[in-house]
Amino acid sequence: MRFEVLGTFSISSGSRSVPLHGRMRRTLLGVLLVRANTFVPVNVLTEALWESKWEPRAVPKLHWHVHKLRQALPEGDRLGFDNGGYRLEVHPGELDVETFETLAGQALKSADPAQRASLIRQALTHWHGAPYEGLDVPLLSDETMRLSEHRLVLLEELYQAELDLGRHASAAVELADLVRRNPLRQRAQYLLMDALWRAGRTSDALAAYRRARRVSVDQLGLEPGPELRLLERRILAGEVAGAGAHRAPALLHRAR
């Protein structure tokens, strides 16, 4: 079986797609996948399905939804009950989140920027949209936030690798889009300034700093972090782009 949650929720078996109807069933499967290969207590599942609202027949209704989910799965016996909870058996390589995070972990351990960039791009091919279809259940929302943050960190690491490889102009184009979508991520702002500076676009790099400052002051009431201010001073001082250490500092991803 194959489970995909990074975007459209889907189950497949070989070349066959398995339909999964109903928000309740998708929520149930989502929680079981977040806790894959562990027993999830019945009360955790009922709280997720009914969002802490009092439901007089929650437990029998849960059992019915589990029964329907088991029928929908190509290998229904993978969904078992014991120790007061349900467990979904997921084999290595069957869940796209696992593949995404495995490739990401390999990338972040690599000291070779070319390999790092290649692995990150491979990981990102598994990302097709908001995880778990944006199901608004606390447990799934927390996991969605965690994975979304992980993706943004990966993108920043990707563009750092691209800068290390000398691909300044192309990195600047992609970073400009990342910053538009995430204007409070200071590391992305730093990388964009650095990419523009290295591409010989000094005035654009300074303009990027001014935009970053305006967003930070307007939305947070704060000046940009010290790393961004230092980079602006280096550019204004006419330093040679790329001189000395040039890896973007591990600064806070969002301005505080």
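Look up a bit, the structure's there.
Given the structure is predicted, the values throughout are model-derived calculations rather than measurements. (Residues numbered from 1 in each chain as written. Predicted model: local features only at pLDDT ≥ 70, side-chain atom pairs only at ≥ 80, totals over all residues. Heavy atoms only, no water.)

When you look at helix 9 (residues 202-220) in this model, what are you seeing that I'm missing?
An α-helix turns once per 3.6 residues; consequently, residues spaced three or four apart project the same way. With 19 residues, helix 9 extends 27 Å from end C-alpha to end C-alpha; this agrees with the ideal 27 Å at 1.5 Å per step. Within the sequence span of helix 9, burial applies to Ala-205, Leu-206, Ala-207, Ala-208, Tyr-209, Ala-212, Val-215 and Ser-216. Lining the buried residues of helix 9 we find helix 8 (186-198) and helix 10 (226-236). Looking one or two residues past helix 9, Gly-221 carries a phi angle of roughly 70°, positive in sign. (Helix = DSSP H or I, 4+ residues; strand = E, 2+ residues; numbered from the N terminus. Expected span 1.5 Å × (residues − 1). Buried < 20%, exposed > 50% of the residue type's maximum accessible area, 1.4 Å probe, protein only. Contact = heavy atoms within 4.5 Å.)

Help me understand the side chain of Glu-94, please; the structure alone is not making it clear to me.
Within the secondary structure, Glu-94 is located in the loop between strand 6 (85-88) and helix 4 (96-109). Exposure remark for Glu-94: the relative accessible area of 8% places this residue in the buried category. A distance of 2.7 Å separates the side chain of Glu-94 from the side chain of Arg-78, its partner in a polar contact. Ignoring any residue separated from it by four or fewer positions in sequence, one finds Glu-94 in contact with Met-1, Arg-2, Phe-3 and Arg-78. (Polar contact = N/O pair within 3.5 Å; in protein donor to acceptor, adjacent residues only side chain to side chain.)

Honestly, the sheet that holds strand 1 (residues 2-4) in this entry has me stumped. Any pointers?
Taken in spatial order, the 3 strands of this open sheet run 1-2-3, and their pairing is antiparallel. At either end of the open sheet lies a strand with only one pairing partner, and these are strand 1 and strand 3 (16-18). The mean angle between the axes of side-by-side strands here comes to 30°, regardless of whether they run parallel or antiparallel. Where strand 2 (residues 10-13) lies against strand 3, 3 bridges are found, and the strand directions are antiparallel. Within strand 3, the position partnered with Ile-11 by the bridge is Val-18. (Pairing = 2+ DSSP bridges. Axes fitted to C-alpha atoms, helices over the stretch in contact; angles between N-to-C directions.)

Looking at this model, I keep getting lost on the packing of helix 1 (residues 23-34) against helix 6 (residues 138-164). Mind explaining?
Working note: a packed helix pair is described by the angle between its axes plus the distance between those axes. At a closest axis distance of 10 Å, the pairing of helix 1 and helix 6 adopts a crossing angle of 55°. When the interaxial angle is binned, helix 1 and helix 6 end up oblique. Crossing handedness for the pair helix 1 and helix 6: left-handed. For the pair helix 1 and helix 6, the contacting residues are Thr-27, Gly-30, Val-31 and Val-34 in the first and Leu-139, Leu-140 and Glu-143 in the second. (Parallel < 35°, antiparallel > 145°, perpendicular 65-115°, else oblique. Left-handed = near helix turned anticlockwise from the far one by under 90°.)

Just to check I follow, could you spell out the nonpolar core for this structure?
Among the nonpolar cores identified, the biggest contains 73 residues, and Phe-3, Leu-29, Leu-32, Leu-33, Leu-62 and Leu-88 are the most heavily contacted of them. The biggest single contributor to this core is helix 6, with 10 residues. (Core = buried A, V, L, I, M, F, W, Y, C linked by side-chain atoms within 4.5 Å.)

It is not clear to me how the layout of surface pockets should be interpreted in this structure. Could you clarify?
Using a probe with the size of a water molecule, rolled over the atoms, empty space left in the structure can be pinpointed. The space that makes up the largest pocket amounts to roughly 240 Å³. Ala-176, Val-179, Arg-180, Leu-192 and Arg-211 are, among the 14 residues lining the largest pocket, the residues nearest its centre. Per-element accounting of the lining of the largest pocket gives the leading share, 5 residues, to helix 7 (residues 168-181). The class makeup of the residues in the lining of the largest pocket is 10 nonpolar, 1 polar and 3 charged. (1 Å grid on protein atoms, 1.4 Å probe; cavity = no way out; pocket = protein on both sides within 12 Å on 5 of 7 lines; lining within 4 Å. Points joined across faces, edges and corners; volume = space filled by probe spheres on them. Nonpolar A, V, L, I, M, F, W, Y, C, P; charged D, E, K, R; others polar.)

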